[in-house]
Amino acid sequence: MQPMLNIAVRAARSAGDLILRSSDNVGRLTIDQKGKNDYASEVDRMAEREIINIIKTAYPDHSILAEESGGHVGNDFVWVIDPLDGTTNFLHGFPQYAVSIALKCKGRLEVGVIYDPLRDELFTAKRGGGAMLNNRRLRVTQPNVLKGALLGTGFPFKTDEHLDAYVGMFKALTTECAGIRRAGSAALDLAYVAAGRLDGYWEIGIMEWDMAAGILIVKEAGGVVTDFSFNDKYMESGNVIVGSPKMHQLMYQLIEPHVTTDLK
Ligand code: IPD
Ligand code: CA
Ligand code: CA
């Protein structure tokens, strides 16, 4: 898998450079609204084209699942691409966004890369090979209690449907932990749990391209990921709870009472 990881890194760095070069120009970009509070700029599309070109040049037979251009069907290898995770941040000059690229084979995550071009931070993982930030090995934190923990989350901003359930979860956790951050990039939230910068993270309704690379990175750093039923159907539901085994369990206990049937 190392050659495929190398290609993912090359594609992520190249897209990251393109995003950085465009960041002074945000006022002049063409922006499309895909849905409520859901935007894509020409930078998202250019970065995605760049990534797909690099992957397709190396692996013309592989399949692609990309946020802006959808699916390109090939063989059992599927590259899952979010060219710019944190578009709203990027468009506001809020410095928290990243490129996320994962490779799956027959449904199993093999490679994950998240690149933060602003900090030149490269988070990588290969299945069974551990997770790295640049050249440093990553490990999730091992707290035994929620007291003192710093958690990450995302707000359900695209629809109001799960707002009450979310607020219930938020209330239960915020009273027990040291702080909750909503930084605006699910990929970096996951990478930060792997790096021990966050003790845990949860979100409702994220997409496969938001989470695929981050999930492999966090698992390879010793983390646990489940959906809201304590199962592994998070790619299907989009609902995730992430942390060290103990932190995950503590978070799950407080989240579970607020999980409505349609979030299971
Ligand atoms: C979004 C970010 C955000 C999360 C949203 C995602 P995008 O991705 O990851 O943190 O809360 O659910 O859609 O649209 O910026 O690629
Ligand atoms: Ca995203
Ligand atoms: Ca995106």
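Not measured: the values here are computed from a predicted model.

Novice: Please give an account of the site of ligand 1 that cites residues and values.
Specialist: Neighbouring ligand 1 are 15 residues, the closest being Asp85, Gly86, Thr87, Ala186 and Glu203. A distance of 2.9 Å is found between an oxygen atom of ligand 1 and a backbone nitrogen or oxygen belonging to Ala186. Residue contributions to the shell around ligand 1 peak at 3 residues, all from strand β5 (residues 77–85). Counted by class, the shell around ligand 1 contains 4 nonpolar, 4 polar and 7 charged residues. Each of domain 1 (2–137) and domain 2 (150–263) accounts for three or more of the residues forming the shell around ligand 1.

Novice: Outline the domain arrangement of the chain, supporting the account with residue identities and numerical values.
Specialist: The assigned domain composition of the chain is domain 1 (2–137) and domain 2 (150–263). Each side of the interface is counted separately: domain 1 has 39 residues, and domain 2 has 25 residues. Roughly 2500 Å² is buried in total at the junction of domain 1 and domain 2, and carbon and sulfur atoms are behind 61% of that figure. Of all residues in domain 1, Gln96, Leu109 and Ile114 give up the largest surface area on contact with domain 2, accounting jointly for 21% of the area buried on that side.

Novice: Please give an account of the packing of aromatic side chains that cites residues and values.
Specialist: Per the stated rule, a full pass over the model turns up 7 aromatic pairs. Ring geometry for Phe230 and Tyr252: centres 4.6 Å apart, planes at 90°, overall edge-to-face. Placement of the pair is Phe230 in the loop between β14 (224–226) and α7 (234–237) and Tyr252 in helix α8 (residues 245–255), with a sequence separation of 22 residues. Overall, Phe230 belongs to the partly exposed group, its relative accessible area being 43%.

Novice: Give me the sheet that holds strand β11 (residues 150–153): which residues, what numbers.
Specialist: Here 5 strands make up an open sheet; going across it, the order is β12-β11-β13-β15-β14 and the pairing mixed. Edge positions in the sheet fall to β12 (179–181) and β14, since each of these pairs with one other strand and no more. For this sheet, the mean angle separating the axes of adjacent strands, direction not counted, is 15°. Pairing analysis gives 4 bridges linking strand β13 (residues 200–203) to strand β15 (residues 240–243), with the strands arranged antiparallel. The partner of Gly200 across the bridge, within β15, is Gly243. Strand contacts of helix α5 (residues 186–194): β11, β13 and β15, with the helix running at about 155° to β13, the strand carrying the most contacts.

Novice: Could you give an account of the coordination of the calcium ion (ligand 2), naming the residues involved and the relevant values?
Specialist: Only Asp82 (OD), Asp85 (OD) and Asp210 (OD) from the protein reach the calcium ion (ligand 2) as donors, at distances of 2.1 to 2.2 Å. In this structure, the calcium ion (ligand 2) is positioned 3.7 Å from the calcium ion (ligand 3), and both are ligated by Asp82. Note that Asp85 is positioned in strand β5 and Asp210 in helix α6 (residues 208–220), a separation of 125 residues in sequence. For Asp85, a relative accessible area of 6% puts it in the buried group. According to the relative accessible area criterion, Asp210 is buried, its value standing at 11%.

Novice: Outline the nonpolar core, supporting the account with residue identities and numerical values.
Specialist: Membership of the largest hydrophobic core comes to 37 residues, with the highest contact counts inside it found for Ile114, Phe123, Leu138, Tyr201, Ile217, Val240 and Val242. Broken down by secondary-structure element, the contributors of at least two residues to this core are β5, β6 (98–105), β7 (108–116), β8 (121–126), β9 (131–133), α5, α6 and β15. Taken domain by domain, this core gets at least three of its residues from each of domain 1 (2–137) and domain 2 (150–263). Every residue in contact with Ile114, bar those within four places of it in the chain, is listed here: Ala98, Val99, Ser100, Glu121, Leu122, Phe123, Ala187, Leu188, Ala191, Ala213, Gly214 and Ile217.

Novice: Describe in detail the coordination of the calcium ion (ligand 3), supporting the description with residues and values.
Specialist: Each protein donor to the calcium ion (ligand 3) is listed here as Glu67 (OE), Asp82 (OD) and Leu84 (O); together their distances run 2.2 to 2.4 Å. Taken in sequence order, the residues that donate to the calcium ion (ligand 3) follow the motif E-x14-D-x1-L.

Novice: Outline α6, supporting the account with residue identities and numerical values.
Specialist: Here α6 contains 13 residues, and its C-alpha end-to-end distance of 18 Å stays within 8% of the 18 Å for a straight helix at 1.5 Å per residue. Where α6 bends most, at Gly214, the angle is about 25°. Extensive coverage of α6 is indicated by the burial of 12 of its 13 residues. Burial in α6 covers these residues: Glu208, Trp209, Asp210, Met211, Ala212, Ala213, Gly214, Ile215, Leu216, Ile217, Val218 and Glu220. Following α6 by one or two positions, Gly222 adopts a phi angle in the positive range, close to 95°.

Rules of the game
- Residues numbered from 1 in each chain as written.
- Chains lettered and ligands numbered in written order.
- Predicted model: local features only at pLDDT ≥ 70, side-chain atom pairs only at ≥ 80, totals over all residues.
- Heavy atoms only, no water.
- Near = heavy atom within 4 Å.
- Polar contact = N/O pair within 3.5 Å; in protein donor to acceptor, adjacent residues only side chain to side chain.
- Helix = DSSP H or I, 4+ residues; strand = E, 2+ residues; numbered from the N terminus.
- Nonpolar A, V, L, I, M, F, W, Y, C, P; charged D, E, K, R; others polar.
- Domains from an automatic or database assignment.
- Contact = heavy atoms within 4.5 Å.
- Buried area = accessible area lost by both parts, 1.4 Å probe.
- Phe/Tyr/Trp six-rings, centres within 6.5 Å; stacked < 30°, edge-to-face > 60°.
- Buried < 20%, exposed > 50% of the residue type's maximum accessible area, 1.4 Å probe, protein only.
- Pairing = 2+ DSSP bridges.
- Axes fitted to C-alpha atoms, helices over the stretch in contact; angles between N-to-C directions.
- Donors = N, O, S within 2.8 Å, 3.2 Å for Na, K, Ca; no water.
- Core = buried A, V, L, I, M, F, W, Y, C linked by side-chain atoms within 4.5 Å.
- Expected span 1.5 Å × (residues − 1).
- Bend = angle between axes of the 7 residues up to and from the residue.

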